[in-house]
Amino acid sequence: MANPCTVPDAPSTRPTITHVIFDMDGLLLDTEKFYTEVQEIILARYNKTFDWSLKAKMMGKKAIEAARVFVEETGISDSLSAEDFLLEREEMLRTMFPTSELMPGASRLIRHLHANGIPICVATGSHRRHFELKTQRHGELFSLMHHIVLGDDPEVKQGKPSPDVFLAAAKRFEGGPVDPQKILVFEDAPSGVLAAKNAGMSVVMVPDPRLDSSFHQTADQVLSSLMDFNPSEWSLPPFDKAAN
Ligand SMILES: O=P(O)(O)OC[C@H](O)CO
Ligand SMILES: [Mg+2]
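Since the model is a prediction, treat every value here as computed from it, not as a measurement.

## Thoughts on the overall build of the protein chain
Of regular secondary structure, the protein chain possesses 9 helices and 6 strands. For 244 residues, the compact-globule formula gives about 18 Å, and the C-alpha radius of gyration of the protein chain, at 18 Å, lands near that figure. Each principal axis of the C-alpha distribution contributes one length, and for the protein chain these read about 55 × 35 × 35 Å. Residues classed as buried in the protein chain amount to 53% of the 244 residues present. Counting only contacts in the protein chain whose residues sit at least 6 apart along the sequence, the fraction spanning at least 24 positions is 68%.

Structure representation (structure tokens):
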């Protein structure tokens with residue numbers, strides 16, 4: 001089992017990476033905490049508690065897919081439909097998302113890859129309306145992405161762990177589709193790590209420390225923070241020492 005900061009594969013056995021895909025929620029932005037908070041509030045009404053085993057099943061998925069998991073796994077589907085759950089949490093999320101902050105190391109890594117000509121993009125389960133709210137204060141950084149694939153994109157038939165969103169992202173790079181073996185994905189969610197592997201890509205997982213470590217096994221590398229990423233281990237240009 002891979003623990004944070006361990007390296008399951010020796011760097012020499014890794015494929016040469018030419019393109020990078022970033023997940024968004026919980027990886028670039030600290031938005032997972034908002035979902036957790038509203039879900040705790042809603043479940044408290046039913047005298048139930050929200051825990052990280054349920055969180056692990058929901059995170060990374062499209063909204064309606066995560067909503068179905070929520071009402072079914074907690075046994076409240078007779079009282080609250082997945083659709084009504086989404087309506088109820090929407091009011092709270094709408095005010096929270098514009099306060100989103102960048103995760104540690106996100107800005108440094110995005111700017112570094114962009115400055116060195118490595119094509120980068122975002123592949124998120126978030127739909128357009130939420131994406132706009134979450135990135136309101138981060139437009140300049142997200143403008144460095146070659147493209148952004150959202151959960152409500154017509155090509156994304158199924159959310160993560162389906163590979164749809166990552167395969168659509170690979171297609172849209174200049175001269176695409178890019179060979180999945182040359183793509184490195186950064187993810188925080190178990191469903192996202194699986195989606196990247198299902199797409200045939202390499203994946204660096206940066207999980208929340210509260211996530212059970214059994215979910216680390218599928219990733220090619222597990223880090224505690226994007227700050228710990230070493231581009232040289234993935235045949236990517238090294239950070240400029242003077243800039244660190
Ligand atoms: O982690 P992302 O960026 O795929 O987003 C998925 C959901 O919107 C939040 O779990
Ligand atoms: Mg995520």
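## Section: the domain arrangement of the protein chain
Each assigned domain of the protein chain is listed with its residue range as follows: domain 1 (11-30 + 102-229) and domain 2 (32-99). Here domain 1 and domain 2 have C-alpha centroids that lie 23 Å from each other. Opposite the 27 residues of domain 1 that make contact, domain 2 presents 18 residues. In total, domain 1 and domain 2 occlude about 1,900 Å² of area from one another, counting both sides; carbon and sulfur atoms represent 55% of this.

## Details of the site of ligand 1
Taken together, 13 residues are adjacent to ligand 1, and Asp25, Glu32, Thr124, Gly125 and Lys160 come closest. Gly60 places a polar main-chain atom, nitrogen or oxygen, 2.9 Å from an oxygen atom of ligand 1. Measuring from an oxygen atom of ligand 1, one finds a side-chain N or O atom of Ser126 at 3.2 Å. Against a free-state accessible area of 310 Å², the protein chains account for coverage of 95% of ligand 1. Residue assignment places the shell around ligand 1 across two domains, with domain 1 (11-30 + 102-229) and domain 2 (32-99) each supplying three or more.

## A short note on the packing of helix α3 (residues 63-73) against helix α4 (residues 82-96)
At a minimum axis separation of 8 Å, α3 and α4 run at an interaxial angle of 110°. The angle between α3 and α4 places the two elements in the roughly perpendicular class. Contact residues: Ala63, Ile64, Ala67, Arg68, Phe70 and Val71 in α3; Ala82, Glu83, Phe85, Leu86 and Arg89 in α4. Residue composition of the contact of α3 with α4, grouped by class: 8 nonpolar, no polar and 3 charged.

## Some remarks on the packing of aromatic side chains
Evaluated as defined, the whole model comprises 7 aromatic pairs. Seen from their ring centres, Phe50 and Phe70 are 6.3 Å apart, and the 45° between their planes marks the pair as tilted. In this pair, Phe50 sits in the loop between α1 (32-44) and α2 (52-58) while Phe70 sits in helix α3, placing the two residues 20 residues apart along the sequence. Here Phe50 and Phe70 have matching classes, each one buried.

## Structural notes on the coordination of the magnesium ion (ligand 2)
Around the magnesium ion (ligand 2), the protein contributes the donor atoms Asp23 (OD), Asp25 (O) and Asp188 (OD), at 2.0 to 2.1 Å from the metal centre. The sequence pattern describing where the donors of the magnesium ion (ligand 2) fall on their chain is D-x1-D-x162-D. In this pair, Asp25 sits in the loop between β1 (19-22) and α1 while Asp188 sits in the loop between β4 (183-187) and α9 (190-198), placing the two residues 163 residues apart along the sequence.

## Some points on the pairing of strand β5 (residues 202-205)
Looking along a regular strand, one sees the side chains alternate between the two faces of the sheet. Where burial is concerned, the two faces of β5 agree: the one with Ser202 and Val204 and the one with Val203 and Met205 are both buried. Here 4 bridges tie β4 to β5, and the two strands are oriented parallel to one another. Directly across from Glu187, in β5, lies its bridge partner Met205.

## Observations concerning the nonpolar core
With 30 residues, the main nonpolar core has Val20, Phe22, Leu28, Leu184, Phe186, Phe229 and Leu236 as its most contacted residues. Elements supplying a minimum of two residues to this core: β1, α5 (106-115), β2 (120-123), α7 (139-142) and β4. In contact with Leu28, not counting residues within four places along its chain, are Phe22, Asp23, Glu101, Leu102, Met103, Ala106, Ile110, Val122, Phe142, Met145 and Leu226. Judged by nonpolar contacts, the second largest core, of 28 residues, contains Val193, Met205, Leu211 and Ala219.

## A look at the side chain of Thr36
Topologically, Thr36 is positioned in helix α1. You can call Thr36 buried: its relative accessible area is 10%. Excluding residues within four positions of it along the chain, Thr36 makes contact with Phe50 and Lys55.

## Let's talk about the pattern of salt bridges
Considering all chains together, one arrives at 17 salt bridges under this definition. Here Lys33 ties to Asp30 by a salt bridge, and the two come within 2.8 Å at their closest N and O atoms. Judged by its relative accessible area of 44%, Lys33 falls in the partly exposed class. Classification of Asp30 as buried rests on a relative accessible area of 13%. A salt bridge links Lys57 to Glu73, with the nearest nitrogen and oxygen atoms 2.9 Å apart. Here Lys57, found in helix α2, pairs with Glu73, found in helix α3; they are 16 residues apart in sequence, far enough to count as distant. Judged by relative accessible area, which is 47%, Glu73 ranks as partly exposed.

Here is what the cut-offs are and how they apply
Residues numbered from 1 in each chain as written. Chains lettered and ligands numbered in written order. Predicted model: local features only at pLDDT ≥ 70, side-chain atom pairs only at ≥ 80, totals over all residues. Heavy atoms only, no water. Helix = DSSP H or I, 4+ residues; strand = E, 2+ residues; numbered from the N terminus. Rg over C-alpha atoms; globule rule 2.2 N^0.38 Å. Buried < 20%, exposed > 50% of the residue type's maximum accessible area, 1.4 Å probe, protein only. Contact = heavy atoms within 4.5 Å. Domains from an automatic or database assignment. Buried area = accessible area lost by both parts, 1.4 Å probe. Near = heavy atom within 4 Å. Polar contact = N/O pair within 3.5 Å; in protein donor to acceptor, adjacent residues only side chain to side chain. Areas by Shrake-Rupley, 256 points an atom, 1.4 Å probe, with all protein chains shown as cover. Axes fitted to C-alpha atoms, helices over the stretch in contact; angles between N-to-C directions. Parallel < 35°, antiparallel > 145°, perpendicular 65-115°, else oblique. Nonpolar A, V, L, I, M, F, W, Y, C, P; charged D, E, K, R; others polar. Phe/Tyr/Trp six-rings, centres within 6.5 Å; stacked < 30°, edge-to-face > 60°. Donors = N, O, S within 2.8 Å, 3.2 Å for Na, K, Ca; no water. Pairing = 2+ DSSP bridges. Core = buried A, V, L, I, M, F, W, Y, C linked by side-chain atoms within 4.5 Å. Salt bridge = Lys/Arg side-chain N within 4 Å of Asp/Glu carboxyl O.

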